[in-house]
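Given next are the chains, with one letter for each unit.
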Amino acid sequence: MKILLVDDEKRIIEVLEAYLEREGYEIHCADNGIDALKKAKTINPDLIILDLMLPDISGEEVCRLVRKESDVPILMLTAKSAEDDRINGIVMGADDYLTKPFSPREVVVRVQAILRRVKKTEKVERIEFNNKQLAIDLSKKEVTVKGQDVILTPIEYKLLTNMALNPGRVYSRMDLLEKIQDEGMYYEGYERSVDTHIKNLRKKIELDSRQPTFILTVFGMGYKFGGLLDVSNTAV
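Cut-offs used in this document
- Residues numbered from 1 in each chain as written.
- Predicted model: local features only at pLDDT ≥ 70, side-chain atom pairs only at ≥ 80, totals over all residues.
- Heavy atoms only, no water.
- Axes fitted to C-alpha atoms, helices over the stretch in contact; angles between N-to-C directions.
- Helix = DSSP H or I, 4+ residues; strand = E, 2+ residues; numbered from the N terminus.
- Parallel < 35°, antiparallel > 145°, perpendicular 65-115°, else oblique.
- Left-handed = near helix turned anticlockwise from the far one by under 90°.
- Contact = heavy atoms within 4.5 Å.
- Nonpolar A, V, L, I, M, F, W, Y, C, P; charged D, E, K, R; others polar.
- Salt bridge = Lys/Arg side-chain N within 4 Å of Asp/Glu carboxyl O.
- Buried < 20%, exposed > 50% of the residue type's maximum accessible area, 1.4 Å probe, protein only.
- Pairing = 2+ DSSP bridges.
- Expected span 1.5 Å × (residues − 1).
- Arc of directions from axis to C-beta.
- 1 Å grid on protein atoms, 1.4 Å probe; cavity = no way out; pocket = protein on both sides within 12 Å on 5 of 7 lines; lining within 4 Å.
- Points joined across faces, edges and corners; volume = space filled by probe spheres on them.
- Phe/Tyr/Trp six-rings, centres within 6.5 Å; stacked < 30°, edge-to-face > 60°.
- Lys NZ or Arg CZ within 6 Å of the ring centre and 35° of its normal.

Q: Residues and numbers for the packing of helix α2 (residues 33–42) against helix α3 (residues 59–69), please.
A: Where α2 meets α3, the axes come as close as 10 Å, and the angle between the chain directions of the two elements is 20°. What the angle tells us is that α2 and α3 run roughly parallel. Along this stretch, α2 crosses α3, giving a crossing that reads as right-handed. Within the contact between the two elements, α2 uses G33, A36, L37, A40 and K41 and α3 uses V62, L65, V66 and E69. Tallied by class, the residues present in the contact of α2 with α3 amount to 6 nonpolar, 1 polar and 2 charged.

Below is the structure:
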C-alpha cells in the first residue's frame with residue numbers, strides 16, 4: 001500500500017520512512033504543500049500523513065483541497081496540542097490526529113488501524129440485522145426497515161453506518177461528532193447536537209423509538225449499536 005508522507009522536517013521524514021518501509025509500505029515523500037497536492041493526484045496514495053506546518057501552504061489547506069477530490073485517509077501531524085486545534089483538524093477532514101513529539105511506533109500503529117478500518121468498510125457491501133428487520137446497502141447507500149425504504153439525511157446515514165459496522169462499541173458524543181464532521185457540522189458547544197440526530201434516526205429505524213433495539217444509550221458515556229448481525233445474509 002502506498003503512503004504519501006508530507007513534512008518539511010527532514011529528520012521526521014527519514015525516521016517515519018524507515019519505520020513504515022519496514023512494515024512493507026511504499027513511501028512517497030513531499031516537503032511542501034504544492035508538491036503534496038501534485039503527488040496526491042499522481043500516485044493515488046492509500047493514506048496521507050500530513051504535517052500542518054508547511055512552508056508554502058498550510059496542511060489544513062492541503063487537507064481541504066485533497067478532500068474535494070478524494071476520500072483518502074489522512075493522519076495529521078502537528079505541534080499544536082490544544083483541543084480546538086485537534087477539532088479543527090478533524091473538521092477539515094482528517095481521520096486521525098497526532099501531536100508532536102510522537103513515537104514513530106505510534107505512527108505505525110495509527111496507520112495500521114486507519115487502513116484496517118478502511119479495508120473493513122470497503123469489503124462489506126450489505127449488512128442486515130435482527131432477521132432482516134434493518135438492512136444497509138453500503139454500495140448504494142440505501143437503508144430499509146422491514147423491507148421498506150427509509151430516507152436518511154447524510155448525517156443520519158453516517159451515524160448509522162459507523163455504529164453498525166462496529167456493533168457493541170461505545171461511541172462518545174465527541175467520537176460521533178468526529179465521524180460526521182465532513183457533513184458541514186462545526187460548532188462551539190457542540191456534542192449535544194448529536195443527540196438530536198440520534199433522536200431523529202431512531203424515529204426512522206426503530207419499531208419503537210422509546211424502546212430502541214438498534215441505537216442504544218450507554219448512560220454517562222454515549223451510544224452503541226445493539227443490532228444482531230445476520231451473518232448468512234451479509235454480502236461481502
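Q: Just give me the short version of the pattern of salt bridges, but keep the residues and values in it.
A: If charged atoms from side chains of opposite charge come close, those side chains can pair. The tally for this structure, following the rule as stated, stands at 11 salt bridges. With a shortest N-O distance of 2.6 Å, R64 and E61 are connected by a salt bridge. Pair noted here: R64 and E61 are both in helix α3, with a separation of 3 residues, about one helical turn. E61 gets classed as partly exposed once you look at its relative accessible area, which sits at 28%. Between D208 and R210 there is a salt bridge, with the nearest N and O atoms lying 3.5 Å from each other.

Q: If you had to explain the pairing of strand β10 (residues 215–218) to someone new, which residues and values would you point to?
A: Note that β10 and strand β11 (residues 222–225) share 4 bridges and pair antiparallel. The residue bridging I215 from the neighbouring strand is F225, located in β11. As consecutive antiparallel partners, β10 and β11 are separated by 3 residues, and within that stretch G220 has a phi angle of approximately 80°, a positive value.

Q: Tell me what's going on with helix α8 (residues 193–205), and back it up with residues and numbers.
A: Between its first and last C-alpha atoms α8 spans 19 Å; for 13 residues at 1.5 Å apiece the expected length is 18 Å, and the two agree. Where α8 is concerned, the buried positions are V194, D195, H197, I198, L201, R202 and I205. Along the long axis of α8, the arc covered by the buried residues comes to 160°, so they all point the same way. Looking at α8, the residues exposed on the side facing more than 90 degrees away from the buried face are K199 and K203. On the buried face of α8, the contacting elements are β7 (134–137), β8 (142–145), α6 (154–164), α7 (173–179), β10 and β11.

Q: Tell me what's going on with the layout of surface pockets, and back it up with residues and numbers.
A: Rolled over the atoms, a probe with the dimensions of a water molecule shows which regions are left empty. Here the second largest pocket defines a volume of roughly 200 Å³. In this structure, the second largest pocket is lined by L37, A40, K41, N44, P45, L65, V66, E69, S70 and V72. Put simply, the parts of the chain that give the lining of the second largest pocket at least two residues each are α2 and α3. Looking at the lining of the second largest pocket, its residues break down into 6 nonpolar, 2 polar and 2 charged.

Q: Describe α6, listing the residues and the values that go with them.
A: Counting buried positions along α6 yields 10 of 11 residues, so the element is predominantly enclosed. Among all positions in α6, only I155, E156, Y157, K158, L159, L160, T161, N162, M163 and A164 are buried.

Q: Please set out the sheet that holds strand β6 (residues 126–129) residue by residue, giving values where relevant.
A: Read from one edge to the other, the open sheet built from 4 strands follows the order β6-β7-β8-β9, with strand pairing classed as antiparallel. The sheet is open, and its two borders are formed by β6 and β9 (148–150), each paired with just one other strand. Each neighbouring strand pair of the sheet contributes to a mean axis angle of 25°, computed without reference to strand direction. For β8 and β9, the ladder comprises 3 bridges, and the chain directions are antiparallel.

Q: Which residues make up the sheet that holds strand β1 (residues 2–6), and what are the values?
A: Spatial strand order, β2-β1-β3-β4-β5: 5 strands in an open sheet with parallel pairing. Only two strands of the sheet have a single neighbouring strand rather than two, namely β2 (26–30) and β5 (96–99). For this sheet, the mean angle separating the axes of adjacent strands, direction not counted, is 20°. Taken together, the 4 bridges between strand β4 (residues 74–78) and β5 define a ladder with parallel strand orientation. Bridge pairing in β5 places L75 opposite D96.

Q: If you had to explain the packing of aromatic side chains to someone new, which residues and values would you point to?
A: For the structure shown, the criterion picks out 2 aromatic pairs. Ring geometry for F214 against F225: centres 5.8 Å apart, planes inclined by 25°, an arrangement best described as stacked. Here F214 is found in the loop between α8 and β10, whereas its partner F225 is found in strand β11, with 11 residues between them in sequence. Classification of F214 as buried rests on a relative accessible area of 0%. With a relative accessible area of 2%, F225 lands in the buried category. Here a set of aromatic residues connected by ring pairs shows up, and it is made of F129, F214 and F225. In this arrangement the basic side chain of R22 is found over the ring face of Y19, its NZ or CZ atom lying 4.8 Å from the centre.

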